[in-house]
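# Results of the structural survey
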Amino acid sequence: MHALSGFSLVSLLSLGYLSWDWAKPGLVADGPVEASDQPSAAPPQPPHIIFILTDDQGYHDVGYHGSDIETPTLDRLAAEGVKLENYYIQPICTPSRSQLLTGRYQIHTGLQHSIIRPRQPNCLPLDQVTLPQKLQEAGYSTHMVGKWHLGFYRKECLPTRRGFDTFLGSLTGNVDYYTYDNCDGPGVCGFDLHEGESVAWGLSGQYSTLLYAQRASHILASHSPQKPLFLYVAFQAVHTPLQSPREYLYRYRTMGNVARRKYAAMVTCMDEAVRNITWALKRYGFYNNSVIIFSSDNGGQTFSGGSNWPLRGRKGTYWEGGVRGLGFVHSPLLKKKRRTSRALVHITDWYPTLVGLAGGTTSAADGLDGYDVWPAISEGRASPRTEILHNIDPLYNHAQHGSLEGGFGIWNTAVQAAIRVGEWKLLTGDPGYGDWIPPQTLASFPGSWWNLERMASIRQAVWLFNISADPYEREDLAGQRPDVVRTLLARLADYNRTAIPVRYPAANPRAHPDFNGGAWGPWATDEEEEEEEEEEGRARSFSRGRRKKKCKICKLRSFFRKLNTRLMSHRI
């Protein structure tokens, strides 16, 4: 009975000709092509690359990590491929996406601080050659579906100008799953769903996870398997707002915590979307010569249903719960399958790895911070990576008890930074919320449970952990191993000498959707940029004129705008 009602509801959600995908059981398990345990013959052409990125999915929020959430597709793909259990990403959205597409650390793109806000005249630096552009040079067709979040104030910043042949998705970072509205502060709201460089008003009303899976399948159906394909699917799921089709909520009706229930439903819906994409790869002849990469973009937001247990911290922090990623590779081309890899891998590594798979080349002139890790993933060799700069953010609130003296005169420990070298991880400044947070499955969460493991000291500005022996960051060794602390502080100083200035401009009033037909989109041109100061002055005068007519709310708007700016760095 439940299966029939589920089919009926999904049919009504505009899955179109692909609705049969969702009705068939076990599509991944019963597909026409099975991965072999034997090394595959060299492909006749470069492989098709399918990169699936999820948003805010916690380390604990997948079945094969012991979650209470059902993810049969991800579990099956990971089990048949290579699970990446020493894989690192960034703690928030924009940095992870920028590092994926450029192969460079944030300090080398100017995106060290926070995210790109919708009204900021900022985007992925235009002088960077992106991953899809390199793949185009190698003869690939490139397509993006989903969340961009790398800036859009100029048309040159759009996905279709940065290497993608087609694009369907959102430019900002937090839209409604059905209406595609997004607000960047009180009263600053606009529509954000784009097809190519046009606003896709007509697609409003369709749940984004299903819409994006349908578009990915449509791309596969209309593309020739004889031409190499790069398909980047950046799901909005499972970022807030917590919204899900009702049928998925019904599966978790006994889960007491409402936020966790909605979140779980969204994860399972996304899992089935991945199932549809995988089935389309098999049906249309891509699978045998394909590489499927699955990655989360940052740790889960624990106060919005996510869980990184038993790791410490959450999204927006440099504890393991913020930067340890979910990741696996599934492909018939893997030489050693059905295993778990402990090789050190970072999100910047996908750039040189995928360019290498495509038959392209990278050189020192590209200035990449990533490494080609395909031999480590496919053959089980040692990773060429031995260290990771998680970040250096000079704009983040300086730690009250940090100082240059506390850093042996090498590094100002008040500055937020984190680095891993070998088995050692060092954090300085304020790493962010540092609790261990069990999955929130109960309807009410006793306050004593929160306090049970609240161990971060407000008088501390340096932490050192042996991550190999202590992946949960429970034993701080900074006091016992000052020699290691000094060595890692020196590495931070070395990296910092290569950093470019942070680019985090003030919001531009011209970006308001009211000036763009009600939608978020590019607002600046080369000519307008030359007149930016004069235009901003006029816009401020116009805004002041409007506020005089609404004086009762003007101060309130200003308060929330300033409050939002302060909070974003802490609670994104």
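Note that the structure is predicted; figures quoted are calculated from it, not measured.

### Focus on the sheet that holds strand β5 (residues 166-170)
- The mixed open sheet is built from 10 strands, whose spatial order is β9-β8-β5-β4-β10-β1-β11-β12-β2-β13. Each end of this open sheet is capped by a strand with a single partner; those strands are β9 (198-199) and β13 (339-341).
- For strand β4 (residues 141-147) and β5, the ladder comprises five bridges, and the chain directions are parallel. Residue Gly146 lies in a different strand from β5, and its bridge partner there is Gly169.

### Notes on the nonpolar core
- In this structure, Ile52, Leu193, Leu220, Leu231, Phe235 and Met270 are the most contacted members of the largest nonpolar core, which totals 54 residues.
- Counting residues per element, the ones that place at least two in this core are β1 (48-54), α4 (72-80), α7 (208-222), β10 (229-234), α9 (258-283) and β11 (290-296).
- For this core, the element with the highest residue contribution is α9, accounting for 12 residues.
- Not counting residues within four places of it along the chain, the set of residues in contact with Met270 comprises Thr54, Gln57, Leu74, Thr209, Phe235, Ala237 and Phe294.
- Val82, Leu131, Val291 and Leu354 belong to the second largest nonpolar core, which has 49 residues in total.

### Things to note about the pairing of β11
- Burial analysis of β11 places seven of its seven residues in the buried class, which makes it a mostly covered element.
- The alternating pattern of β11 places Ser290, Ile292, Phe294 and Ser296 and Val291, Ile293 and Ser295 on opposite faces, both of which are buried.
- Alignment of β1 against β11, held across seven bridges, turns out to be parallel. Looking at β11, one finds that Phe51 is bridged to Ile293.

### Notes on the confidence of the model for the protein
- Of all residues in the protein, 81% attain a pLDDT of 70 or more, and the chain-wide mean is 86.
- Segment residues 448-455 is flagged for pLDDT under 50; beyond a separation of four residues in sequence, or across chains, it makes 15 contacts in the model.
- Low confidence marks residues 531-572, where pLDDT is under 50. Its contacts with residues over four positions away, or in another chain, come to 29 contacts.

### Regarding the sheet that holds strand β17 (residues 424-428)
- Pairing is antiparallel in the open sheet, where four strands are placed in the order β15-β16-β17-β18. The open sheet has two edge strands, β15 (387-393) and β18 (462-466), and neither has a second partner. Averaged over all pairs of adjacent strands, the angle between their axes in this sheet comes to 10 degrees, without regard to strand direction.
- Strand direction decides the pairing type here: strand β16 (residues 416-421) and β17, joined by five bridges, are antiparallel. The residue of β17 that forms the bridge with Ala417 is Thr428.
- Along the sheet, helix α14 (residues 482-496) makes contact with β15, β16, β17 and β18, crossing β17 at roughly 70 degrees.

### Quick look at the environment of Val175
- Among the secondary structure elements, Val175 is positioned in the loop between β5 and β6 (181-183).
- Placed 65 residues apart in sequence, Val175 and Thr240 show a C-alpha to C-alpha distance of 8.3 Å.
- Setting aside residues no more than four positions away along its own chain, Val175 makes contact with Ser170, Tyr180, Asp181, Asn182, Asp192, Gln236 and Pro241.

### Structural notes on the packing of aromatic side chains
- The final tally for this structure, using the stated rule, is 17 aromatic pairs.
- Pairing Trp319 with Phe465 gives two aromatic rings, centres 6.1 Å apart and planes at 70 degrees, and the pair type is edge-to-face. With Trp319 in the loop between β11 and α10 (320-323) and Phe465 in strand β18, this residue pair connects regions lying 146 residues apart in the sequence.
- Taken together, the aromatic side chains of Phe51, Tyr87, Phe164, Phe230, Tyr232 and Trp350 make up a single cluster linked through ring pairs.
- Above the plane of the ring of Tyr433 lies Arg314, whose end atom (NZ or CZ) is 4.4 Å from the centre.

### Topic: the packing of α7 against α9
- In contact at an axis separation of 9 Å, α7 and α9 are set at 5 degrees when each is read in the N-to-C sense. As the angle between them shows, α7 and α9 are arranged roughly parallel. On α9, the residues touching Thr209, Leu210, Ala213, Ala216, Ser217 and Leu220 of α7 are Cys269, Met270, Ala273, Asn276, Ile277, Ala280 and Leu281.
- Class assignment of the residues belonging to the contact of α7 with α9 gives a composition of 10 nonpolar, three polar and no charged.

### A short note on unusual backbone geometry
- Put simply, Thr240 and Pro241 share a cis peptide bond, and its omega is 5 degrees.
- Relative to the helices and strands, Pro241 resides in the loop between β10 and α8 (246-251).
- Of note, the bond from Trp309 into Pro310 is cis; its omega dihedral lies within 30 degrees of zero at 5 degrees.
- Secondary-structure assignment places Pro310 in the loop between β11 and α10.
- The phi torsion at His149 lies on the positive side, around 55 degrees, for a residue other than glycine.
- The topology assignment puts His149 in the loop between β4 and β5.
- His149 gets classed as buried once you look at its relative accessible area, which sits at 4%.

### Brief notes about the pattern of salt bridges
- Scanning the entire structure with this criterion turns up 25 salt bridges.
- The salt bridge involving Arg154 is made with Glu156; its shortest N-O contact spans 3.5 Å.
- A residue is classified by how much of its surface remains accessible, and Arg154, at 11% relative accessible area, is buried.

How each quantity is defined
Residues numbered from 1 in each chain as written. Predicted model: local features only at pLDDT ≥ 70, side-chain atom pairs only at ≥ 80, totals over all residues. Heavy atoms only, no water. Pairing = 2+ DSSP bridges. Helix = DSSP H or I, 4+ residues; strand = E, 2+ residues; numbered from the N terminus. Core = buried A, V, L, I, M, F, W, Y, C linked by side-chain atoms within 4.5 Å. Buried < 20%, exposed > 50% of the residue type's maximum accessible area, 1.4 Å probe, protein only. Contact = heavy atoms within 4.5 Å. pLDDT = per-residue confidence, 0-100. Axes fitted to C-alpha atoms, helices over the stretch in contact; angles between N-to-C directions. Phe/Tyr/Trp six-rings, centres within 6.5 Å; stacked < 30°, edge-to-face > 60°. Lys NZ or Arg CZ within 6 Å of the ring centre and 35° of its normal. Parallel < 35°, antiparallel > 145°, perpendicular 65-115°, else oblique. Nonpolar A, V, L, I, M, F, W, Y, C, P; charged D, E, K, R; others polar. Salt bridge = Lys/Arg side-chain N within 4 Å of Asp/Glu carboxyl O.

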